[in-house]
Amino acid sequence: MDRDMTAARNITRRHVARLPAVALAVLILAATASAATAPTVTTGATTSVTSSSGAVTATVNPNGTTTTAYFELGTSTSYGTKSPSATVGNGTAAVAFDYTFTGLTPGTTYDYRVVATSSAGPADGTNGIFTTSASPAPVVTTAAASSISSTGATLNGSVNPNGQTSSWYFEYGKTASYGSKTSSVSAGNGTTATNVSAPVTKLSTGQAYHFRLVAVSPAGTTNGADMTFTPAGGPAATTSAASSVTSSGAKLNGSVNPNGQATSVYFDYGTTTSYGSKTPVTNAGSGTSTSNVSAMVNGLAPGVYHFRLVATSPAGTTAGSDLTFGSAPPAVQTGTAQGASTSGVTLTGSVNPQGNATSWYFEYGASTSYGTKTPAKSAGSGVAAAGVSAAITKLVPGASYHYRLVGTSGSGTTFGSDVTFTTVAAITIATSTLQSVYGHYATLSGSVSTRQAGVTVTILSQPFGSKSYAKTGSVVTGNGGAWTFAVRPKLVTSYEASSPDGTSQPVSVGVRPAVSLRKITRARFATRVVSSASFTGKLVQLQRALPGGRWQTVAKARLNGKSSATFAASRLPHGTSTIRIAMSVNQAGPGYLGGFSRTLTYHRA
């Protein structure tokens, strides 16, 4: 400013004599205005210092020139950090200016000052000093234990890390010396309290336990207040007999002792010990004495029901013993069919009403769908099994039927097992052999159900490959209604016997070839099959006997058009052999369609 004033005086001296008065005045004013003053600053005190922050103050007088200001900070007067610049105006009076530094190191001394700058130049404040406080230890609060059972509990509390990385755990034991602790868990580095908890198990029922919450950080360890809890035994639950039992409901009863814990109760019920249903849950309080509880169940189907009382508290769940109410449906057993005839039979069985008024009937029919039943009859209301029977008529002769006994009471319906019977056929048929050698006779025989003599029986036959039966012949029954008839089939043939009362079930007779073996020369054998042309081209085998009753095939041949074949003796081993011809025919029908010749002994040198 002194240099500006000197310049103004020099101008005045050189040019004052030559300038008019007005111009001289303007020049003097301009020179005076150009001499602006730099800001005036004062570093102030701190207003708030924590372990990680410091709020600093200052005053700045812009001295009429637009001015900005900021603070410098550091652990020495070299500073190194500065706050953002801020405008403080262009007034001519001191104005307050402040800033809060954060993220500082706890327990550290910092230098700071204010710096202001305008077009008139900078101005530095004096150096100030403050020291951040040391880190505070975490703050902990021990809270009451919860979920107390007979052998465990949940320990609770809260932790405020106070900005330091912290961890926490619970100490617990039978005395205030503890002796056990939970696993250490991170609490983070926040600045607000957070709830924490940890379960403890394998405790002794009825034993008082001490516990406290402990938090650890670089600033130190903090112990919470000591608290206690006592693991309690679970509630006692007793199931009592049901009352007010009806065909559709009952009143379920029991008693409960909460053993000092808040307890709720309900009844399980159902047709088995798996239950499946339960009554609404009710509050049984938290006392230490036994009280009665009950619940109504309605809308049940008839039958026997299981039930039990269940009590639950923080100490655990207790179920009372299983009891039953209601009555069982009748027990039934299907018996045998007796006295079967061509059109009727008597069905038998047994029924146990099991104490309820019970009715019974038989279902019967050609399949397990039944379709017909006998009239319902009363079995009374006793508790022992009693035999029952019913005669049924108008059945088909020689037919099979299914039947079962059914019992019904107010407690339900029970179905007996399925059993079958067959009515007597009006006429029977049997054969003397299932395999008839071709050209030989088989004897059919049977009887009529009326056991009368002089009844005409018609024999019907259906050779293999035919689609219908045709009359083969007839015979008249003898004494007792018996009859016989000879047939000589050429193919597998099915036979039926028919009388005025009905037709028998079919019976089939198979046909097998008659095979012979003879020696032609010392070197050759011949075989012949007595058969129809249907055996032409079939396979015949020359076999020799082996020890143990086994036979070995030594040669095979196909029958020629004359149903014969020859074999060379050279196929046989040297020495004496027992030989035969074997034949089999792949033809549909019952039995094995094959034949063997008589055996022949042959010696080959």
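Basis of the calculations
Residues numbered from 1 in each chain as written. Predicted model: local features only at pLDDT ≥ 70, side-chain atom pairs only at ≥ 80, totals over all residues. Heavy atoms only, no water. Core = buried A, V, L, I, M, F, W, Y, C linked by side-chain atoms within 4.5 Å. Buried < 20%, exposed > 50% of the residue type's maximum accessible area, 1.4 Å probe, protein only. Helix = DSSP H or I, 4+ residues; strand = E, 2+ residues; numbered from the N terminus. Contact = heavy atoms within 4.5 Å. Pairing = 2+ DSSP bridges. Axes fitted to C-alpha atoms, helices over the stretch in contact; angles between N-to-C directions. Salt bridge = Lys/Arg side-chain N within 4 Å of Asp/Glu carboxyl O.

A few points about the nonpolar core
Nonpolar side chains tend to gather and get buried jointly when the protein is soluble and globular. Counting 18 residues, the largest nonpolar core has Leu155, Phe170 and Phe229 as its most contacted members. Sorting the residues of this core by element identifies β10 (139–146), β11 (153–160), β12 (166–173), β15 (194–200) and β16 (209–217) as the ones contributing at least two each. Residues contacting Phe170, with those up to four places away along its chain left out, are Leu155, Asn156, Gly157, Ser180, Lys181, Thr182, Val196, Ser197, Ala198, Phe211, Arg212 and Leu213.

With respect to the sheet that holds strand β39 (residues 442–447)
Strand order in the open sheet formed by 3 strands is β37-β39-β42, with antiparallel pairing between adjacent strands. Edge positions in the sheet fall to β37 (430–431) and β42 (482–487), since each has one partner strand and no second. Sheet analysis places β37 next to β39, joined by 2 bridges and oriented antiparallel. Each residue of the ladder has a partner; that of Thr431, found in β39, is Leu444.

Structural notes on the sheet that holds strand β33 (residues 386–392)
Within the open sheet, the 3 strands sit side by side as β28-β29-β33. Their pairing is antiparallel. Taken across any chain shown, the strands that pair with only one partner, and hence form the sheet edges, are β28 (331–338) and β33. The average undirected angle you get between the axes of adjacent strands in this sheet is 25 degrees. Sheet topology places β28 next to strand β29 (residues 345–352); 6 bridges connect them, and they run antiparallel.

Things to note about the pairing of strand β34 (residues 400–409)
Burial analysis of β34 places 7 of its 10 residues in the buried class, which makes it a mostly covered element. With 8 bridges joining them, strand β30 (residues 358–365) and β34 adopt antiparallel strand pairing. Looking across to β34, one finds that Ser359 is bridged to Thr408. Here 4 bridges tie β34 to strand β36 (residues 419–422), and the two strands are oriented antiparallel to one another. Across the sheet, the residue bridging to His402 is Thr420, located in β36. Where β34 meets strand β35 (residues 412–415), 4 bridges bridge the pair, whose relative direction is antiparallel.

As for the environment of Gly416
Assignment of secondary structure puts Gly416 in the loop between β35 and β36. Between the C-alpha atom of Gly416 and that of Tyr403, which follows or precedes it by 13 residues, the distance is 9.1 Å. Here Gly416 is in contact with Val332, Thr334, Arg404 and Leu405, once residues within four sequence places are set aside.

Brief notes about the pattern of salt bridges
For the structure shown, the criterion picks out 4 salt bridges. Across the pair Arg113 and Glu72 runs a salt bridge, and its minimum N-O distance is 2.8 Å. In this pair, Arg113 is assigned in strand β7 (residues 109–118) and Glu72 in strand β3 (residues 67–74), connecting sequence segments 41 residues apart. Since its relative accessible area comes to 17%, Glu72 is described here as buried. The closest approach of N and O atoms between Arg212 and Glu171, which form a salt bridge, is 2.6 Å. Of this pair, Arg212 sits in strand β16 while Glu171 is found in strand β12, placing the two residues 41 residues apart along the sequence. Of the residues examined, Glu171 reaches a relative accessible area of 18% and is grouped as buried.

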